[in-house]
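Examination of the molecular architecture
Next come the chains, spelled out residue by residue.
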Amino acid sequence: MTHGHGARARRRTVVAALAGAVLSTGVLAAAPAQAATAPQVSAQGAFALNPATGKALFGKAPDGRLRTGSTTKIMTALVVLSQPHLNLDRKVKIRKEYTDYVIDPTTKTQRYSSANLILGDSMKVRDLLYGLLLPSGCDAAYALADTYGTGSTTAQRTTSFIGKMNAKARELGLTNTHFDSFDGVSNGNNYASPRDLAKLAGVALKNTTFKKVVGTKVYKDMQSYRPGGGTHAMAEWDNTNKLLGSYRGAIGVKTGSGPEAQFCLVFAATRGGRTVVGTVLADTSAAQRFTDATKILDYGFAQSG
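Now for a description of the structure that goes with this document. The structure displayed is predicted, hence computed values, not measured ones. Here the residue index of a chain counts from 1 through its sequence in written order. Residues qualify for local features only when their pLDDT is at least 70, as the model is predicted, and side-chain atom pairs are given and counted only at 80 or more; totals for whole chains, interfaces and linings, by contrast, use all residues. As a convention, hydrogens and water are excluded, and side-chain values are obtained from all of the structure's heavy atoms.

**Let's talk about the overall build of the chain**
- A count of helical and extended segments in the chain gives 9 helices and 11 strands.
- Accessibility here uses a 1.4 Å probe with only protein chains present; expressed as a share of the type maximum, an area under 20% marks a residue as buried, one over 50% as exposed, and anything in between as partly exposed. By the burial criterion, 47% of the 305 residues in the chain qualify as buried.
- Here the analysis covers contacts within the chain between residues at least 6 apart in sequence; of these, 63% occur between residues at least 24 apart.
- Residue exposure ignores everything except the shown protein chains as possible cover, and the areas themselves are Shrake-Rupley values with a 1.4 Å probe. Split by element, the accessible area of the chain, about 14,200 Å² in all, is 55% carbon and sulfur. Put simply, DSSP marks the helices as runs of H or I at least four residues long and the strands as runs of E at least two long, and each gets a number from the N terminus on. Between two residues, a contact is recorded if the distance between any of their heavy atoms is within 4.5 Å.

**Comments concerning the nonpolar core**
- The term nonpolar core refers to a set of buried residues drawn from Ala, Val, Leu, Ile, Met, Phe, Trp, Tyr and Cys, joined through side-chain atoms within 4.5 Å. If you look at the biggest cluster of nonpolar residues, it comprises 64 residues, and the most contacted ones within it are Met75, Leu128, Leu129, Phe182, Phe210, Trp237 and Val253.
- For this core, the element with the most residues is helix H5 (residues 138-148), which contributes 8 residues.
- Residues in contact with Phe210, not counting those within four places in the same chain, are Ile74, Ala77, Leu81, Leu133, Ala204, Leu205 and Val253.
- Among the nonpolar cores identified, the runner-up in size contains 21 residues, and Phe58, Phe267, Val276 and Ala293 belong to it.

**Considerations on the environment of Ala141**
- Residue placement: Ala141 occurs in helix H5.
- In sequence terms Ala141 and Leu128 are 13 residues apart; their C-alpha atoms lie 7.9 Å from each other.
- Contact partners of Ala141, with chain neighbours within four places excluded, come to Lys73, Leu132, Phe182 and Asp183.

**What about the sheet that holds strand S1 (residues 45-50)?**
- A pair of strands is treated as paired once DSSP finds two or more bridges between them. Taken together, the 5 strands give an open sheet; going across it, the order is S2-S1-S11-S10-S9, and neighbouring strands pair in antiparallel fashion. Looking at the sheet topology across the chains shown, the edges are occupied by strand S2 (55-60) and strand S9 (250-258). Between one strand axis and the next, the sheet turns by 10° as a mean value, whatever way the strands run.
- The sheet contact formed by S1 and strand S11 (residues 274-283) spans 5 bridges and is antiparallel. If you follow Leu49 over to S11, its bridge partner there is Val277.
- Axis definition: a line fitted to C-alpha atoms, over the contacting stretch in the case of helices. Angles run 0 to 180 degrees between N-to-C directions. The sheet contacts of helix H9 (residues 286-302) involve S1, S2, S9, strand S10 (262-271) and S11, and relative to S10 the element is tilted by about 35°.

**Some words on helix H4 (residues 125-133)**
- For H4, a buried count of 8 out of 9 residues is recorded, marking the element as mostly surrounded by other parts of the structure.
- Listing the buried residues of H4 in full gives Val125, Asp127, Leu128, Leu129, Tyr130, Gly131, Leu132 and Leu133.

**Quick notes on the pairing of S9**
- Counting buried positions along S9 yields 7 of 9 residues, so the element is predominantly enclosed.
- The pairing of S9 with S10 spans 8 bridges and is classified as antiparallel. Bridged to Ala250 within S10 is Ala269.
- The antiparallel hairpin formed by S9 and S10 contains 3 residues in its connecting segment.

**Focus on the side chain of Thr76**
- Locating Thr76 in the fold gives a position in helix H2 (residues 73-81).
- Setting aside residues up to four positions removed in sequence, Thr76 forms contacts with Leu132, Phe161, Met165 and Phe182.

**Comments concerning unusual backbone geometry**
- Omega for the peptide link from Gly252 to Val253 comes to 20°, which places this bond in the cis form.
- With a phi angle near 60°, Gln262 is a residue other than glycine that sits in the positive phi range.
- By secondary structure assignment, the location of Gln262 is in strand S10.
- Of note in the backbone geometry, Ala282 takes a positive phi value of approximately 55° without being a glycine.
- Turning to its location among the elements, Ala282 is positioned in strand S11.

Following this line, the structure appears as C-alpha cells:
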C-alpha cells in the first residue's frame, strides 16, 4: 500500500516535471520564433544595426543606392565637427547667398527648409549646427559649407566642402555613398545606401556635440548677433524628428524628404544600455517613415546582440 502510494507520488512528480518541461520549452520555442518575424516596411530600403558590435539587425535592400534628401546633413555636421581645432563659438556672418538660397526667386516664397537666419547678423557655429539638424536649415548648411570649405569664392568653398563630405565617406568605407550638395538638395548625383547611412549615423553619434544636438526636441537658446551690438529675437527651432518624445529611448537622428528621395529617416534609440541605429529611405509618406522606424527599432531591441 505504502509502496504503491510512493510509486504514484513519484509518477505524479515525473508527469508534473515533464509537463513543466513541455510548458517551458513551448514558451522558449515561441519567443525566438516571434522575434524572428521581421517587420514589413513600406520604405524601398531600410537597415538597422547595433553600432557597438556592428551586428546587422534588419535589412531591406540594404545596399541599394537611393536619394538621401536632408539626411545628407548628418555628413555636413560630421565634416564640420571633424575640423581640427574646431571652435564652436566662432561667429559666422550670415550672407545674402545663404538667405536668398532658401527663397524661390520668382515667387519669393520659401523653397527649401530654412532655419530663418537673419541677413547681416552673425551666429555661432554651435547654433548653426542646431539650425542645420533641427529645422533642417538649408541656409545653415550653406553657411557651414562656405565657412569650412577652402577657396577664394563661395562657389569654390562650397565645392571644396562637398569634396570633404565625399572624402569622409571614403574614409568611413561608405562605398555606396556620393554627395553632390551640402544639404541634400540634390543636383541628381546624390545617393547612399541604408547600410551606409546607418553606419554614418553610428559614427556621428560618438561625437558628443552631434549626439546632444540631434537629441534636442526644441532649441531656443540660439543667439543672432546684430552687426551693431545686441541680438535679434528668433523663433525656436523644433526638431523634425517625431520619434523624439514618442518612442521610448529615442536619441535622434535626422529626417529627409524630396521629390526623388520621397520620405527618409535616420533614427536611433537606446534602451537598457543597448543602442539601435537605423535608416528608412524612399518611404511612402512623412508619417509612414516614423511607423516603419518604430517597427524596426522594436525588432532590433527584441534581438540579442
